[in-house]
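# Topology and contacts: notes
One-letter residues, chain by chain:
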Amino acid sequence: MTVPPRAIDPTFPTGFLWGAATAAYQIEGSPLADGAGMSIWHRFAHTPGRVNNDDTGDIACDHYRRAPADVALMQSLGLKAYRFSIAWGRVLPEGRGRVNAAGLGFYERLVDSLLAAGIEPMITLYHWDLPAALDDRGGWLNPDVSDWFADYASVLYRRLDDRVKRWVTLNEPWVVVDGGYVHGALAPGHRNRFEAPIATHNLMRAHGAAVMAYRAHGHHEIGLVVNLEPKYPATSAPEDVAATARADAYMNRQFLDPAFKGAYPREMREIYGEAWPDWPARDFELIRQPTDFLGINYYTRGVTRADADAWPTLASNVRLDNAAYTETGWEVCPRAFSDVLRWVRDHYGNLPIYITENGAAMKDEVAVDGTVDDTTRVDYLRTHLGAVRAAIEAGVDVRGYFVWSLLDNLEWAHGYSKRFGIVRVDYPTQRRTPKASARFYAGVIASNGASLGRIP
Ligand code: BGC
């Protein structure tokens, strides 16, 4: 006799932190205003042919000038938390040295207005917009970048840690390396097998240095944010299984292993060959700093096969016939979300976790009255929230969830062609219109998950 699985009560733990996330270059606009220094993303987007339609972040969602109204919008949705990133170059125009009071003031006012609205700020220190002046000195390839980053972080800790309780060092180091130094699709647009391992290592050293600096200046919580894409072999053939291990090492373990275990996965040498250096043991003492939480961004899984043309892992994802895909071509697979949360607990310990991003680009249809009934995004959020709830039921210590994204915004090299927001942005008028998914999410927040209904 088979026993039907017990449905799960959808209510989340008391105090669960319900939020939404954004990133500076994707929403702020006014990238050079009030003395800000240029970022690598400004330079990249202004290089013809790099971003779809040659879109730039010059205006984006004009959040730099509309922040008070955006905070009111968050409050109207009942958000308990807001994760945003700081543009390094607004605070330190040259990336180091002189502090730009006006840039720091923008973030200080944002923090104060969030707190006044009852919304907890979570700050990401680095969401991909390195000051161009630092890139001119080698950027993530210069070992001094760990000191530059810790000094920049310390300026913010000293000014804002009295009001900000959760800090993130880096957002998705994998994307910085894979997009910025392996395939070149993202800033600074390099494609170099010898640079990529160095960028990885300096990112992780910078993470460690920023955590160490936090222990000197901060009194709350700090963690790393990784994007995890669990990998499943397309077949049981040994070459596909081996390819899956490489893909998993490259995308997932490359950053978690040094941060939590003090070593890179052995597959890194297999992937990069002679380009993967032997790192000094003392570097791992810096990298492996105890953190207060881990932030996980989850969008999709990978079903992987061996592929001799797929540099550098010789592994690629296959597209399945019977699966749903989002507008960015990512499979909708909530089950893998529960799986990866349990995998993190089993491999790295039961540390506090925040889901720092989860969401989907969908084909939004705008009705004549301007509303957007984005049922596919509502389904995505409902099933993925169910997966988070199931992981909590299985004992994973998930403390909060941040939908990506609050607003439609500049989706990096896709420009404005992909929309991830629960709030629509009509770019010519900058009008914000909450989509059906925003109303759905507001209901989830107000009921602490109960409105999801029993989770199968
Ligand atoms: C990033 C966001 C991005 C989102 C969707 C994550 O990789 O942190 O900046 O917009 O995924 O691609």
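Residues numbered from 1 in each chain as written. Predicted model: local features only at pLDDT ≥ 70, side-chain atom pairs only at ≥ 80, totals over all residues. Heavy atoms only, no water.

### Notes on the site of the ligand
In the vicinity of the ligand, the contacting residues are Gln26, His127, Trp128, Asn171, Glu172, Tyr299, Trp330, Glu357, Trp404, Glu411, Trp412 and Phe420. Between the ligand and Tyr299 there is a distance of 3.3 Å, counted from an oxygen atom to a side-chain nitrogen or oxygen. Starting from 310 Å² of accessible surface for the ligand in isolation, the protein chains cover 95%. Taken atom by atom, the bulk of the ligand overlaps the largest pocket. Of the residues contributing to the shell around the ligand, the split by class is six nonpolar, three polar and three charged. (Near = heavy atom within 4 Å. Polar contact = N/O pair within 3.5 Å; in protein donor to acceptor, adjacent residues only side chain to side chain. Areas by Shrake-Rupley, 256 points an atom, 1.4 Å probe, with all protein chains shown as cover. 1 Å grid on protein atoms, 1.4 Å probe; cavity = no way out; pocket = protein on both sides within 12 Å on 5 of 7 lines; lining within 4 Å. Sits in = over half its atoms within 2 Å of the grid points. Nonpolar A, V, L, I, M, F, W, Y, C, P; charged D, E, K, R; others polar.)

### Considering the sheet that holds strand 6 (residues 231-233)
Across the sheet, which stays open at both edges, the three strands sit in the order 6-8-9 with mixed pairing between neighbours. Looking at strand neighbours, the two that pair on one side only are strand 6 and strand 9 (315-317), the edges of this open sheet. Neighbour-to-neighbour, the strand axes of this sheet turn through a mean angle of 45°, independent of strand direction. Note: strand 8 (residues 302-306) against strand 9, three bridges, orientation antiparallel. Across the sheet, the residue bridging to Arg305 is Ser316, located in strand 9. (Pairing = 2+ DSSP bridges. Helix = DSSP H or I, 4+ residues; strand = E, 2+ residues; numbered from the N terminus. Axes fitted to C-alpha atoms, helices over the stretch in contact; angles between N-to-C directions.)

### Describing the side chain of Asp70
With respect to the element layout, Asp70 can be found in helix 3 (residues 63-77). In this structure, Asp70 is in contact with His63, Leu407 and Arg432, ignoring residues within four places of it in sequence. (Contact = heavy atoms within 4.5 Å.)

### Looking at empty space enclosed by the protein
The final tally for this structure, using the stated rule, is two cavities of 30 Å³ or more. The calculated volume of the largest cavity comes to roughly 140 Å³. Forming the walls of the largest cavity are 17 residues, and the residues nearest its centre are Tyr25, Pro31, Ser39, Ala87 and Asp129. Mapped by element, the contributors of at least two residues to the lining of the largest cavity are helix 1 (24-27) and helix 4 (88-91). The class makeup of the residues in the lining of the largest cavity is eight nonpolar, six polar and three charged. Considering only enclosed or pocket space, the second largest cavity measures out at about 60 Å³ in volume. If you go around the second largest cavity, the residues you meet are Ile40, Trp41, Tyr126, Trp128, Trp140, Val175, Val176, Gly180, Tyr181, Leu186, Ala187 and Pro188. Contributing elements (two or more residues each) for the lining of the second largest cavity: helix 2 (40-45) and helix 8 (173-182). Per-class residue counts for the lining of the second largest cavity are 11 nonpolar, one polar and no charged. (Points joined across faces, edges and corners; volume = space filled by probe spheres on them.)

### Focus: the sheet that holds strand 7 (residues 293-297)
A barrel is described by the order of its strands in space; here eight strands give the closed sequence 1-2-3-4-5-7-10-11, paired in parallel fashion. Between one strand and the next, the sheet's axes are offset by a mean angle of 25°, whatever the strand orientation. The sheet contact formed by strand 2 (residues 81-85) and strand 3 (residues 120-126) spans five bridges and is parallel. The partner of Tyr82 across the bridge, within strand 3, is Pro121. Contacting strand 3, strand 4 (166-171) and strand 5 (221-227), helix 8 runs over the sheet at an angle of about 40° to strand 5. Sheet contacts for helix 14 (residues 375-393): strand 1 (17-21), strand 10 (353-357) and strand 11 (398-404); angle to strand 11, the most-contacted strand, approximately 165°.

### Points about the side chain of Arg90
Following the sequence through the fold, Arg90 ends up in helix 4. Assessed through its relative accessible area of 3%, Arg90 is described here as buried. For Arg90, the contacting residues outside a window of four places in its chain are Glu28, Gly29, Ser30, Pro31, Ala33, Ala36, Tyr64, Asn100, Gly103, Leu104 and Tyr107. (Buried < 20%, exposed > 50% of the residue type's maximum accessible area, 1.4 Å probe, protein only.)

### Points about helix 10 (residues 238-261)
In this model helix 10 runs just 27 Å from its N-terminal to its C-terminal C-alpha over 24 residues, more than 12% under the 34 Å that 1.5 Å per residue would give. Where helix 10 bends most, the angle comes to about 60°, and this point is Arg253. Most of helix 10 sits inside the fold, with 17 of its 24 residues counted as buried. The positive-phi residue at the C-terminal boundary of helix 10 is Gly262, with phi of around 75°. (Expected span 1.5 Å × (residues − 1). Bend = angle between axes of the 7 residues up to and from the residue.)

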